[in-house]
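Listed here are the chains, written in short residue letters.
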Amino acid sequence: MLKNNILGCIGQVILVLLTFLFISLIHMGEGLSQFFYSGFIGKIFFILVPALYYWLFGKLMSRSTGWAGLLFPGLSIFGISLILGFIGFSALGSQWINLSVGESMWRFPLEVFLLPQYILATLWNLPKEEYTLLILSCVPGLIYTISLLGGRHKIRQRRKRRGEYL
């Protein structure tokens, strides 16, 4: 179970680094940044690629653990997001959500940790509210859990087939 939690957090950090590199490359060309930020294909790209990444990274996790092992990788990301959000909220008060990205050092760790989710919220013009960040911080855990449940289902089917033929 601890292995899955660590893998989930490492997966989030790797996705943040990949997203940062990709955003940096996009901003090198004016036409490319306009394509990704204003076009529908770019908006879909920023939904599908992280979702596929979470799905495939969920396949690396151990499926032999119990239900807690299936839920905790996502809950660890959600918990870290809550802690980082609480730090920003306690330092800035209720105005912490209205600040732009990178404007406050108190909110910066949360922005870095949830960079793919922040980009998604910005591209789709989602409301800048606390509940939006809470919902977006739950997305990795949901995708991890669905991926792990699918893997457990396949394992169960294989065991049934082996039992029928033996």
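Residues numbered from 1 in each chain as written. Predicted model: local features only at pLDDT ≥ 70, side-chain atom pairs only at ≥ 80, totals over all residues. Heavy atoms only, no water.

A tally of regular secondary structure across the protein chain gives seven helices and zero strands. Principal axes of the C-alpha set define a box for the protein chain whose edges measure 65 × 40 × 25 Å. Here the protein chain holds 166 residues, and 39% of them are scored as buried. In the protein chain, the share of contacts with a sequence separation of at least 24, taken over all contacts with a separation of at least 6, comes to 69%. Of the roughly 10000 Å² of accessible surface on the protein chain, 73% is carried by carbon and sulfur atoms. (Helix = DSSP H or I, 4+ residues; strand = E, 2+ residues; numbered from the N terminus. Buried < 20%, exposed > 50% of the residue type's maximum accessible area, 1.4 Å probe, protein only. Contact = heavy atoms within 4.5 Å. Areas by Shrake-Rupley, 256 points an atom, 1.4 Å probe, with all protein chains shown as cover.)

Nonpolar side chains in soluble globular proteins generally cluster together in the buried interior. Counting 19 residues, the largest nonpolar core has Tyr-54, Phe-57, Met-61, Leu-110, Leu-133 and Tyr-144 as its most contacted members. Elements represented by at least two residues in this core include exactly helix 1 (2–26), helix 3 (40–59), helix 4 (67–92), helix 5 (108–113) and helix 7 (130–165). Per-element tally for this core: the top contributor is helix 7, with four residues. Residues contacting Phe-57, with those up to four places away along its chain left out, are Leu-7, Gly-11 and Tyr-144. (Core = buried A, V, L, I, M, F, W, Y, C linked by side-chain atoms within 4.5 Å.)

On to the packing of helix 1 against helix 2 (residues 30–38), then. Two elements in contact, helix 1 and helix 2, have axes separated by 8 Å at closest approach and are oriented at 125 degrees. Here helix 2 runs oblique to helix 1, going by the angle between their axes. Between helix 1 and helix 2, the contacting residues are Phe-22, Ile-23, Leu-25 and Ile-26 on the first element and Leu-32, Ser-33, Phe-36 and Tyr-37 on the second. Split by residue class, the contact of helix 1 with helix 2 holds seven nonpolar, one polar and no charged. (Axes fitted to C-alpha atoms, helices over the stretch in contact; angles between N-to-C directions. Parallel < 35°, antiparallel > 145°, perpendicular 65-115°, else oblique. Nonpolar A, V, L, I, M, F, W, Y, C, P; charged D, E, K, R; others polar.)

The predicted model of the protein chain has a mean per-residue pLDDT of 83, with 96% of residues at 70 or higher. By mean pLDDT, the top-scoring element of the protein chain is helix 3 (88), and the lowest-scoring one is helix 7 (80). (pLDDT = per-residue confidence, 0-100.)

Within the structure shown, the criterion is met by one salt bridge. For Glu-111, the salt bridge goes to Arg-107, with nearest N and O atoms at 2.7 Å. Neither Glu-111 nor Arg-107 differs from the other in exposure class; each is buried. (Salt bridge = Lys/Arg side-chain N within 4 Å of Asp/Glu carboxyl O.)

Moving on to helix 1. The first and last C-alpha atoms of helix 1 sit 36 Å apart over 25 residues, in line with the 36 Å expected at 1.5 Å per residue. Listing the buried residues of helix 1 in full gives Asn-4, Asn-5, Leu-7, Gly-8, Cys-9, Gly-11, Gln-12, Leu-15, Val-16, Thr-19, Ile-23 and Ile-26. (Expected span 1.5 Å × (residues − 1).)

Quick look at helix 3 now. The terminal C-alpha atoms of helix 3 lie 29 Å apart, and with 20 residues this matches the ideal 28 Å at 1.5 Å per residue to within 8%. All buried positions along helix 3 are accounted for by Gly-42, Lys-43, Phe-46, Pro-50, Tyr-53, Tyr-54, Phe-57 and Gly-58. Projection of helix 3 onto a plane perpendicular to its axis shows the buried side chains occupying an angular sector of 150 degrees, all on one side. Along helix 3, the residues that are exposed and aim more than 90 degrees away from the buried face are Phe-40, Ile-41 and Leu-48. (Arc of directions from axis to C-beta.)

This paragraph deals with the side chain of Ser-104. Note on placement: Ser-104 falls in the loop between helix 4 and helix 5. Look at Ser-104 and you get buried, because its relative accessible area is 9%. Once residues within four sequence positions are removed from consideration, Ser-104 is found in contact with Leu-92 and Leu-99.

Positive charge collects at one region of the surface, where Lys-154, Arg-158, Arg-159, Arg-161 and Arg-162 lie side by side. With respect to the helices and strands, Lys-154 occurs in helix 7. When its relative accessible area of 45% is taken as the criterion, Lys-154 is described as partly exposed. (Patch = residues over 30% accessible without salt bridge, like charges linked within 9 Å, V, L, I, M, F, W, Y side chains within 5 Å. Lys, Arg positive; Asp, Glu negative; His and termini not counted. Charge placed at Lys NZ, Arg CZ, Asp CG, Glu CD.)

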